[in-house]
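Residue-level structural notes
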Amino acid sequence: MEPKAKLYGLTLTELQEVCRSLELPRFAAGQIARWLYKRHVTDIGSMTDLPATARAALSQRFDTGLSAPLRESISTDGTKKYLFRTSQGAYIESAYIPDGDRATLCVSSQAGCRMGCRFCATGQQGLQHSLSVTDILNQIVSLPERDRLTNIVFMGMGEPLDNMDALLPALEILTSEWGFALSPTRITVSTAGVAKNLQHLLDATRVHVAVSLHNPFHDERAQIMPIESAYPIEDVVKILRGGDFTHQRRISFEYIVMSGLNDTPRHIKGLTRLLNGLRCRINLIRFHRIEGSPYFSPPAAAMEHFRDALNAKGITTTIRASRGEDIEAACGLLSTKEINQTSKK
């Protein structure tokens, strides 16, 4: 029997097309959207304001496609890491990070990643497949803490701008009134710098943008981030300079600090030159050691000196608190462990 299509993850326009194909009235698409994205039902039979015949017709062709996490790890600091299995059988992970009144979910956009960043566990996996809209939204809707979420960040496994076909519909569902109705200011999309798709993201959405920077110099960045050879960071910053950014839409730069590699006075000067005049923030991140990596995190005092020097140059810079280290919360560590364990069986 041919597998059923997934209903969860269809946009309102796509739901209208489903209704047309089933000879249901156009307004039924709005009813289905409410059941999916506001009530989060997992069973089409529960959509009780649809006629029984309509539910039966939908159930013949579709299921919601939602699934619970396979495993949950809880850190002593309250961070939780969830392992999911995708519709294609790969492993992905998301991290729930509570912080006072704020609760952030870090979601994945791909199983693995083809960007090949040298310091990233996900990059060591290579790309297995891009996630469907269903797989992306399932990380949110199947979360036990779903109703506590205040912010969603696409900073998990994968490169979001390498999966635009699923990213943009997912953002549409998350921010549309007929969908989750979240403010775009509650959502951040991170990218290693896929310049060819960055302008499209800026034009099509109002979400915040975070760029994985990690080194301001072309040759040095290319050594740790192969994407630099295709899309130089200078070009990425140029696109951002032309974007419509206000106090309601932010640019930030993620900067994993690796001792002796990207934390010298020369790098401070390079960052100042690169970002001069751009309204942005740099988030310094302590390097989470991964097996086989030659990189090391600097001591706290060195991190603070680097932060203070950048702030003195007029670039708002903060140190992001490390969370969930005891449960391998850094992106890609848990799924890599699961892949390795599975391959040994």
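I will try to describe carefully the structure that is included in this document. (Residues numbered from 1 in each chain as written. Predicted model: local features only at pLDDT ≥ 70, side-chain atom pairs only at ≥ 80, totals over all residues. Heavy atoms only, no water.)

1. Remarks on the packing of aromatic side chains
Within a pair of aromatic rings, the relevant descriptors are the distance that separates the centres and the angle that separates the planes. Put simply, the test is: Stacked, edge-to-face and tilted labels apply to pairs of Phe, Tyr and Trp rings (six-membered ring for Trp) whose centres lie within 6.5 Å, assigned for plane angles under 30 degrees, over 60, and everything in between, in that order. In this description a helix means any DSSP run of H or I spanning at least four residues, a strand means any run of E spanning at least two, and both kinds are numbered starting from the N terminus. Accessible area is worked out with a 1.4 Å probe on protein chains only. A residue is then buried under 20% of its type maximum, exposed over 50%, and partly exposed in between. When the NZ atom of lysine or the CZ atom of arginine is within 6 Å of a ring's centre and also within 35 degrees of its normal, the charge is said to sit over that ring.
One pass over the structure, following the stated rule, counts five aromatic pairs. Centroid distance Tyr8 to Tyr37: 5.0 Å. Interplanar angle 80°. Geometry classified as edge-to-face. One end of the pair, Tyr8, is in the loop between strand E1 (5–6) and helix H1 (12–21); the other, Tyr37, is in helix H2 (residues 28–37), with 29 residues separating them in the sequence. Overall, the relative accessible area of 1% leaves Tyr37 in the buried class. Considering the side-chain rings of Tyr37 and Trp178, the 6.2 Å spacing of their centres and the 55° angle between planes classify their relative orientation as tilted. A residue pair is termed long-range when its members are at least 10 positions apart, and Tyr37 in helix H2 and Trp178 in the loop between helix H6 (164–175) and strand E10 (187–191) qualify at 141 residues. Of the aromatic side chains, those joined through ring pairs into one cluster are Tyr8, Tyr37, Trp178 and Phe180. Its guanidinium or amino end placed over the ring of Trp35, Arg39 lies 4.2 Å from that ring's centre, counting from NZ or CZ.

2. Some thoughts on the pattern of salt bridges
To be explicit about the condition: A pairing counts as a salt bridge when a side-chain nitrogen of Lys or Arg comes within 4 Å of a carboxyl oxygen of Asp or Glu.
All chains considered together, the criterion is met by twelve salt bridges. With its nearest N and O atoms 3.9 Å apart, the salt bridge here joins Lys80 to Glu72. We classify Glu72 as partly exposed; its relative accessible area is 38%. Among the ionic pairs, Arg320 bridges to Glu254, the shortest N-O distance being 2.7 Å. Pair noted here: Arg320 is in strand E14 (residues 316–320) and Glu254 is in strand E12 (residues 251–257), with a separation of 66 residues, a long-range link. A single network of salt bridges, built from pairs that share partners, joins Glu72, Lys80 and Glu145.

3. As for the pairing of strand E5 (residues 91–99)
Test applied: Whether two strands pair depends on DSSP finding at least two bridges between them.
Pairing of strand E4 (residues 80–85) with E5, which is carried by six bridges, proceeds in the antiparallel orientation. Its bridge partner being in E5, Leu83 is matched across the sheet by Glu93. In this antiparallel pair of consecutive strands, E4 and E5, the connection spans five residues, and Gly89 shows a positive phi of 90°. Both E5 and strand E6 (residues 102–106) contribute to a ladder of five bridges, which runs antiparallel. Paired with Ile97 across the strands is Thr104, a residue of E6. Joining the antiparallel neighbours E5 and E6 is a turn of two residues, in which Gly100 adopts a positive phi near 65°.

4. Some thoughts on a positive patch on the surface
Here is the rule: Excluding any residue in a salt bridge, patches collect residues exceeding 30% relative accessible area, merging like charges within 9 Å and nonpolar Val, Leu, Ile, Met, Phe, Trp and Tyr side chains within 5 Å. The accessible surface values rely on the Shrake-Rupley method and a 1.4 Å probe; as for residues, cover is taken only from the protein chains in view. Counting rule for charge: Lys and Arg are taken as positive, Asp and Glu as negative, and neither His nor the chain ends is counted. Taken as the charge location is NZ of Lys, CZ of Arg, CG of Asp or CD of Glu.
On the surface, a cluster of positive charge is contributed by Arg102, Arg186, Arg250 and Arg281. Looking at the element boundaries, Arg250 is found in the loop between helix H10 (233–241) and E12. Taking relative accessible area as the criterion, Arg250 reaches 46% and is therefore assigned partly exposed.

5. Considering H2
Operational definition: In this description, contact between two residues means that some pair of their heavy atoms is separated by no more than 4.5 Å.
For H2, a buried count of eight out of ten residues is recorded, marking the element as mostly surrounded by other parts of the structure. Restricting attention to buried positions, one finds in H2 the residues Ala28, Ala29, Gln31, Ile32, Ala33, Trp35, Leu36 and Tyr37. If you follow the buried residues of H2, they end up packed against H1, helix H3 (52–61), helix H5 (133–141) and H6.

6. Some details on the sheet that holds strand E3 (residues 71–74)
Quick reminder of the rule: Helix axes use the C-alpha atoms of the stretch in contact, all axes being lines fitted to C-alpha atoms, and the angles between their N-to-C directions lie in the range 0 to 180 degrees.
Taken in spatial order, the ten strands make up an open sheet running E3-E4-E5-E6-E9-E10-E11-E12-E13-E14, and their pairing is mixed. Only two strands of the sheet have a single neighbouring strand rather than two, namely E3 and E14. Taken pair by pair, the neighbouring strands of this sheet meet at an average axis angle of 20°, ignoring direction. Sheet strands touched by H10: strand E11 (208–212) and E12. Its angle to E11, the strand with the most contacts, is close to 165°.

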